[in-house]
Amino acid sequence: MISANNVTLRVGKKALFEDVNIKFTEGNCYGLIGANGAGKSTFLKILSGELEPTNGDVAITSGQRLSFLKQDHFQYDEFSVLDTVIMGNQRLYDIMKEKDAIYAKEDFTDADGIRASELEAEFAEMDGWNAESDAASLLNGLGISTDEHMSAMKSLPGSLKVKILLAQALFGNPDILLLDEPTNHLDLDAIAWLEEFLINFENTVIVVSHDRYFLNKVCTHTADIDYGKIQLYAGNYDFWYESSQLLIKQMKEANKKKEEKIKELQEFISRFSANASKSKQATSRKRALEKIQLEEIKPSSRKYPYIDFRPEREIGNEVLAVDGISKTVDGVKVLDHVSFVMGHNDKIAFVGSNELAKTTLFQILAGEMEPDEGTYKWGVTTSQSYFPKDNTEIFSNDLSITEWLTQFSEIKDATYVRGFLGRMLFAGEDGVKKMKVLSGGEKVRVLLSRMMIEGSNVLIFDEPTDHLDMEAITALNNGMIKFPGTILFSCRDHQVVQTTANRIIEFMPDGTIVDKVTTYDEYLESDAMARKRQVYSMSESDAADN
């Protein structure tokens, strides 16, 4: 068990947390939610001991081991992948290295023998003989091939390092597991694997995530941070939302009844306070009036942007024809004769672990890259807006966000343009912010503003939910569902894919595709059934051979 006792954290004069008391118990998974800036990551750091509170303390059951997902991708550059994962249990790793050093000695002494024996006993007690196989199993589950397990961390791309650090946090069955945005940069297959891992995990988990489907799948409880307080609810994210809305409704109804009673008492007092025969009753009602206290209903600190993509022109029947497109990037063929035709009702989600294939196809369709082979043709009625995964170049300029966005608007009036920024929570003077100083979330909201102001009838999104908070993801999800045009998109948010797409195209590792008109959940179910049939067929074949 881990608990926060009267925890207060002040940053300058502002109290980020005030007298927080909460217990997280064994066998439960807690989703820690709240608006951007509410202090979710900060609270995890307090629980982990990385950050000292101004007042109060954190208590952990004696002898329990805590594991915290680290975000420093360069900390382990000098270590192998397998060693990095095993370092998730630092004591076990230290024992392994000390044993190796003793056994490597040429002048092995009696004292070395005694020490080695002590280490071997502790090593066995910690199930050390299975450490490497357990670490390998975690890595494989997250999609990191066995060939990479002995590679140096510094030789790997950031996307793989994210998975390795997650495997490190999960390693060794920690008693308390703290996860800060564990699904960031994971593909949908890896997220599904992590969901199953956490569902079957028997100890305490506290997780921060903006992925609603993920929270609904894994969480038994929800801890909501708002106005420096943490309110605990039994149930997942959807249950929290329904409960919190019901609570507000009940408080409003209770206040309404109290207000009616207050009005009734005030009218009686006003009418009869000067009447001698009624003066005792009036005095009694004054006392009753003083006792009535209205519930304080604070509006949530959460802010929802307004995302509404309105095409200026209705789309025709001919939208997009892709014919035999191939592309090799850095010597690897990421697209291999890809062909498909897009209809005017299609909202296509591109899925699969081959992230480069998706990005490469979108760049080709957006006109930013030429294919090695094949062609594509947009319909004459179409206009396209593209949301790129890598926006570094876009924001490398000295323009303000209003100046930059005006370039894409037919109406060059600054007030009109700022209206789109206002919808995306850029208020007042935010419009003069320079493009190059924006945060990750602000950059995404600026790009979505551009897509709204362009009024295109075809939208191309390459991982648009990265860096967005849950409120912005919800708004984007609703905007994509309502959009009357066509969409091509990749997204790590299961709920966005499930509720938006009516067609799934999966990129296979060799650059080919599987194309099905279906929802994402139906696609996953059919894929799982196909794999079961394949395993059954193989076992039948093995039995026949024997």
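Everything numeric in this text was worked out from a predicted model, so none of it was measured.

1. Description of the overall build of the protein
- Broken down by element type, the protein carries 17 helices and 18 strands.
- By principal-axis analysis of the C-alpha atoms, the protein measures approximately 105 × 80 × 55 Å.
- For the protein, the proportion of its 546 residues judged to be buried stands at 47%.
- Across the protein, the fraction of contacts at a sequence separation of at least 24, relative to all contacts at a separation of at least 6, is 68%.
- By element, 49% of the accessible surface of the protein is carried by carbon and sulfur atoms, the whole surface being about 27,400 Å².

2. Points about the packing of aromatic side chains
- Evaluation of the coordinates by the stated rule reveals 18 aromatic pairs.
- On the numbers, 4.9 Å between centres and 85° between planes, the contact of Phe123 with Trp129 is edge-to-face.
- Note on Tyr237 and Trp240: the rings are 5.3 Å apart at their centroids and 40° apart in plane angle, and the pair reads as tilted. Note that Tyr237 and Trp240 are positioned in helix 9 (residues 237–272) at a spacing of three residues, about one turn of the helix.
- Aromatic ring contacts, followed pair by pair, group Phe309, Phe387, Phe461 and Phe483 into a single cluster.

3. Side note on the sheet that holds strand 8 (residues 221–226)
- As summarised here, the arrangement of the six strands in space is 5-6-7-3-8-9, forming an open sheet in which the pairing is mixed. Here the strands that pair on one side only, and so sit at the sheet edges, are strand 5 (66–68) and strand 9 (229–234). Neighbour-to-neighbour, the strand axes of this sheet turn through a mean angle of 15°, independent of strand direction.
- Sheet topology places strand 6 (residues 176–180) next to strand 7 (residues 204–208); five bridges connect them, and they run parallel. Of the residues in strand 7, the one forming a bridge with Ile176 is Thr204.

4. Details of the pairing of strand 3 (residues 29–33)
- Taking burial as the measure, the five residues of strand 3 include five buried ones, the bulk of the element.
- Residues of strand 3 alternate between two faces, with Cys29, Gly31 and Ile33 on one and Tyr30 and Leu32 on the opposite face, all of them buried.
- As judged from the four bridges shared by strand 3 and strand 7, these two strands associate in the parallel manner. Within strand 7, the position partnered with Cys29 by the bridge is Val205.
- The pairing of strand 3 with strand 8 spans four bridges and is classified as parallel. Within strand 8, the position partnered with Ile33 by the bridge is Asp224.

5. Quick notes on the pattern of salt bridges
- For the structure shown, the criterion picks out 25 salt bridges.
- Residues Arg10 and Glu18 are paired through a salt bridge, measuring 3.4 Å at the closest nitrogen-oxygen approach.
- For Arg10, a relative accessible area of 39% corresponds to the partly exposed category.
- Note on Glu18: relative accessible area 27%, which makes it partly exposed.
- For Lys333, the salt bridge identified is with Asp336, shortest N-O distance 3.5 Å.
- For Lys333, a relative accessible area of 35% puts it in the partly exposed group.
- What makes Asp336 partly exposed here is its relative accessible area of 25%.

What counts and what doesn't
Residues numbered from 1 in each chain as written. Predicted model: local features only at pLDDT ≥ 70, side-chain atom pairs only at ≥ 80, totals over all residues. Heavy atoms only, no water. Helix = DSSP H or I, 4+ residues; strand = E, 2+ residues; numbered from the N terminus. Buried < 20%, exposed > 50% of the residue type's maximum accessible area, 1.4 Å probe, protein only. Contact = heavy atoms within 4.5 Å. Areas by Shrake-Rupley, 256 points an atom, 1.4 Å probe, with all protein chains shown as cover. Phe/Tyr/Trp six-rings, centres within 6.5 Å; stacked < 30°, edge-to-face > 60°. Pairing = 2+ DSSP bridges. Axes fitted to C-alpha atoms, helices over the stretch in contact; angles between N-to-C directions. Salt bridge = Lys/Arg side-chain N within 4 Å of Asp/Glu carboxyl O.

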